[in-house]
Amino acid sequence: MRDEVDRLIADWERERPDLDLGPMQVLSRVTRIAKQLDHARSAAFASHDIVSWEFDVLAALRRSAAPYQLSPGRLLQETMVTSGTMTNRLDRLAARGLVRRAPDPNDGRGVVVTLTPAGLAAVDGALTDLLVAERRLLAVLPGEKAGQLADLLRVLAAELEGEVEGSP
(Lines give C-alpha, C1' and ligand atoms only; values in the text may rest on other atoms or scores of the structure.)
Protein backbone atom coordinates (compact mmCIF):
# COMPACT_ATOMS: atom_id res chain seq x y z
CA MET A 1 0.00 0.00 0.00
CA ARG A 2 1.36 3.40 -0.98
CA ASP A 3 0.09 6.87 -0.21
CA GLU A 4 0.83 10.40 -1.36
CA VAL A 5 3.59 10.77 1.24
CA ASP A 6 5.39 7.76 -0.28
CA ARG A 7 5.35 9.55 -3.63
CA LEU A 8 6.66 12.77 -2.08
CA ILE A 9 9.40 10.90 -0.23
CA ALA A 10 10.46 9.14 -3.43
CA ASP A 11 10.77 12.51 -5.18
CA TRP A 12 12.82 13.94 -2.33
CA GLU A 13 15.04 10.86 -2.18
CA ARG A 14 15.76 11.30 -5.87
CA GLU A 15 16.46 15.03 -5.50
CA ARG A 16 18.14 15.02 -2.08
CA PRO A 17 19.60 11.56 -1.40
CA ASP A 18 21.86 13.17 1.20
CA LEU A 19 18.94 13.80 3.60
CA ASP A 20 17.30 11.47 6.14
CA LEU A 21 13.61 11.81 5.31
CA GLY A 22 12.44 9.66 8.22
CA PRO A 23 10.77 12.52 10.11
CA MET A 24 8.84 13.50 6.99
CA GLN A 25 7.54 9.91 6.67
CA VAL A 26 5.78 10.31 10.03
CA LEU A 27 4.93 13.97 10.37
CA SER A 28 3.69 14.55 6.82
CA ARG A 29 1.18 11.77 7.45
CA VAL A 30 0.20 13.30 10.78
CA THR A 31 -0.41 16.61 9.00
CA ARG A 32 -2.55 14.97 6.33
CA ILE A 33 -4.53 13.01 8.92
CA ALA A 34 -5.03 16.22 10.94
CA LYS A 35 -6.57 17.88 7.89
CA GLN A 36 -9.00 14.98 7.49
CA LEU A 37 -9.84 15.18 11.19
CA ASP A 38 -10.44 18.93 10.94
CA HIS A 39 -12.95 18.30 8.16
CA ALA A 40 -14.68 15.57 10.19
CA ARG A 41 -14.78 17.78 13.30
CA SER A 42 -16.20 20.72 11.37
CA ALA A 43 -18.97 18.57 9.91
CA ALA A 44 -19.83 16.99 13.27
CA PHE A 45 -19.96 20.38 14.96
CA ALA A 46 -21.84 22.14 12.15
CA SER A 47 -24.72 19.71 12.48
CA HIS A 48 -25.14 21.06 16.02
CA ASP A 49 -24.65 24.69 15.01
CA ILE A 50 -21.28 25.11 16.72
CA VAL A 51 -17.69 25.53 15.57
CA SER A 52 -14.47 24.06 16.88
CA TRP A 53 -13.62 26.75 19.44
CA GLU A 54 -17.18 26.65 20.80
CA PHE A 55 -16.93 22.88 21.18
CA ASP A 56 -13.64 23.29 23.08
CA VAL A 57 -15.19 25.62 25.66
CA LEU A 58 -18.45 23.69 25.95
CA ALA A 59 -16.57 20.39 26.23
CA ALA A 60 -14.38 21.74 29.04
CA LEU A 61 -17.52 22.67 30.95
CA ARG A 62 -19.19 19.31 30.15
CA ARG A 63 -16.16 17.34 31.38
CA SER A 64 -16.21 19.20 34.68
CA ALA A 65 -19.28 17.14 35.79
CA ALA A 66 -22.58 18.50 37.06
CA PRO A 67 -23.32 21.35 37.56
CA TYR A 68 -20.95 21.89 34.56
CA GLN A 69 -19.35 25.05 35.78
CA LEU A 70 -15.85 26.45 35.84
CA SER A 71 -14.16 29.75 36.51
CA PRO A 72 -12.92 31.70 33.49
CA GLY A 73 -9.37 31.05 34.75
CA ARG A 74 -9.92 27.32 34.73
CA LEU A 75 -11.40 27.56 31.22
CA LEU A 76 -8.22 29.37 30.15
CA GLN A 77 -6.16 26.43 31.39
CA GLU A 78 -8.44 23.89 29.72
CA THR A 79 -8.50 25.60 26.33
CA MET A 80 -5.05 27.25 26.28
CA VAL A 81 -6.16 30.65 24.99
CA THR A 82 -5.50 34.17 26.26
CA SER A 83 -7.82 35.86 28.72
CA GLY A 84 -8.94 38.37 26.09
CA THR A 85 -9.81 35.55 23.71
CA MET A 86 -11.68 33.71 26.46
CA THR A 87 -13.67 36.82 27.38
CA ASN A 88 -14.69 37.23 23.75
CA ARG A 89 -15.62 33.56 23.46
CA LEU A 90 -17.68 33.59 26.63
CA ASP A 91 -19.49 36.74 25.49
CA ARG A 92 -20.40 35.05 22.22
CA LEU A 93 -21.45 31.77 23.86
CA ALA A 94 -23.56 33.62 26.42
CA ALA A 95 -25.24 35.66 23.69
CA ARG A 96 -26.18 32.38 21.99
CA GLY A 97 -27.56 30.97 25.24
CA LEU A 98 -25.01 28.15 25.44
CA VAL A 99 -23.42 29.31 28.70
CA ARG A 100 -24.27 31.74 31.44
CA ARG A 101 -22.11 33.70 33.84
CA ALA A 102 -22.93 34.22 37.49
CA PRO A 103 -21.10 35.54 40.53
CA ASP A 104 -18.93 32.91 42.17
CA PRO A 105 -20.66 31.97 45.45
CA ASN A 106 -17.25 31.17 46.98
CA ASP A 107 -15.52 34.36 45.85
CA GLY A 108 -17.51 37.58 45.60
CA ARG A 109 -15.01 39.01 43.14
CA GLY A 110 -15.11 36.01 40.82
CA VAL A 111 -17.43 34.59 38.21
CA VAL A 112 -18.45 31.07 37.30
CA VAL A 113 -19.42 29.98 33.82
CA THR A 114 -22.15 27.34 33.60
CA LEU A 115 -23.26 25.22 30.69
CA THR A 116 -26.93 25.83 29.86
CA PRO A 117 -29.30 23.05 28.77
CA ALA A 118 -28.87 24.26 25.16
CA GLY A 119 -25.09 24.14 25.55
CA LEU A 120 -25.29 20.67 27.04
CA ALA A 121 -27.42 19.40 24.15
CA ALA A 122 -25.07 20.96 21.58
CA VAL A 123 -21.87 19.56 23.07
CA ASP A 124 -23.32 16.10 23.73
CA GLY A 125 -24.70 15.83 20.19
CA ALA A 126 -21.48 17.13 18.65
CA LEU A 127 -19.39 14.68 20.68
CA THR A 128 -21.54 11.75 19.60
CA ASP A 129 -21.27 12.74 15.94
CA LEU A 130 -17.53 13.39 16.29
CA LEU A 131 -16.91 9.93 17.68
CA VAL A 132 -18.83 8.36 14.79
CA ALA A 133 -16.66 10.33 12.34
CA GLU A 134 -13.45 9.44 14.18
CA ARG A 135 -14.36 5.75 14.20
CA ARG A 136 -14.91 5.98 10.46
CA LEU A 137 -11.44 7.55 10.03
CA LEU A 138 -9.82 4.76 12.05
CA ALA A 139 -11.89 1.91 10.62
CA VAL A 140 -9.01 0.72 8.44
CA LEU A 141 -6.98 -0.12 11.56
CA PRO A 142 -7.81 -3.25 13.57
CA GLY A 143 -8.43 -2.50 17.27
CA GLU A 144 -4.98 -3.56 18.46
CA LYS A 145 -3.28 -1.45 15.77
CA ALA A 146 -5.33 1.60 16.76
CA GLY A 147 -4.28 1.02 20.37
CA GLN A 148 -0.63 0.72 19.39
CA LEU A 149 -0.87 3.92 17.37
CA ALA A 150 -2.50 5.70 20.33
CA ASP A 151 0.35 4.52 22.58
CA LEU A 152 3.03 5.75 20.18
CA LEU A 153 1.32 9.11 19.67
CA ARG A 154 0.94 9.49 23.45
CA VAL A 155 4.71 9.19 23.87
CA LEU A 156 5.33 11.78 21.16
CA ALA A 157 2.62 14.16 22.41
CA ALA A 158 3.79 13.95 26.03
CA GLU A 159 7.34 14.75 24.99
CA LEU A 160 6.29 17.65 22.75
CA GLU A 161 3.89 19.03 25.35
CA GLY A 162 6.66 18.80 27.94
CA GLU A 163 8.86 20.89 25.67
CA VAL A 164 6.11 23.48 25.31
CA GLU A 165 5.27 23.52 29.03
CA GLY A 166 8.92 23.59 30.05
CA SER A 167 9.95 26.35 27.66
CA PRO A 168 10.52 29.84 29.07
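The structure presented is a predicted model; accordingly, all values stated were derived computationally and were not measured.

A. Geometry of the UniProt feature "domain: HTH marR-type" (unreviewed entry) in the protein. On the UniProt side, "domain: HTH marR-type" (unreviewed entry) is annotated at positions that read residues 23–158 here. Secondary structure within residues 23–158 divides into 70% helix and 12% strand; the distance between the first and last C-alpha atoms comes to 17 Å.

B. Geometry of the pairing of strand β3 (residues 107–115). Where strand β1 (residues 69–70) meets β3, 2 bridges bridge the pair, whose relative direction is antiparallel. Directly across from Q69, in β3, lies its bridge partner T114. Alignment of strand β2 (residues 99–104) against β3, held across 6 bridges, turns out to be antiparallel. Bridging across to β3, R101 finds its partner in V113. Adjacent in sequence and paired antiparallel, β2 and β3 are bridged by 2 residues.

C. Spatial organisation of the packing of aromatic side chains. With the rule as written, the count across this model stands at 1 aromatic pair. Centre to centre, the rings of F45 and F55 are 4.4 Å apart; their planes meet at 15 degrees, and the pair counts as stacked. Here F45, found in helix α2 (residues 22–46), pairs with F55, found in helix α3 (residues 52–63); they are 10 residues apart in sequence, far enough to count as distant. You can call F45 buried: its relative accessible area is 1%. Exposure remark for F55: the relative accessible area of 8% places this residue in the buried category.

Cut-off values and rules
Residues numbered from 1 in each chain as written. Predicted model: local features only at pLDDT ≥ 70, side-chain atom pairs only at ≥ 80, totals over all residues. Heavy atoms only, no water. UniProt positions renumbered as here; feature names shortened; annotations may be inferred. Helix = DSSP H or I, 4+ residues; strand = E, 2+ residues; numbered from the N terminus. Pairing = 2+ DSSP bridges. Phe/Tyr/Trp six-rings, centres within 6.5 Å; stacked < 30°, edge-to-face > 60°. Buried < 20%, exposed > 50% of the residue type's maximum accessible area, 1.4 Å probe, protein only.

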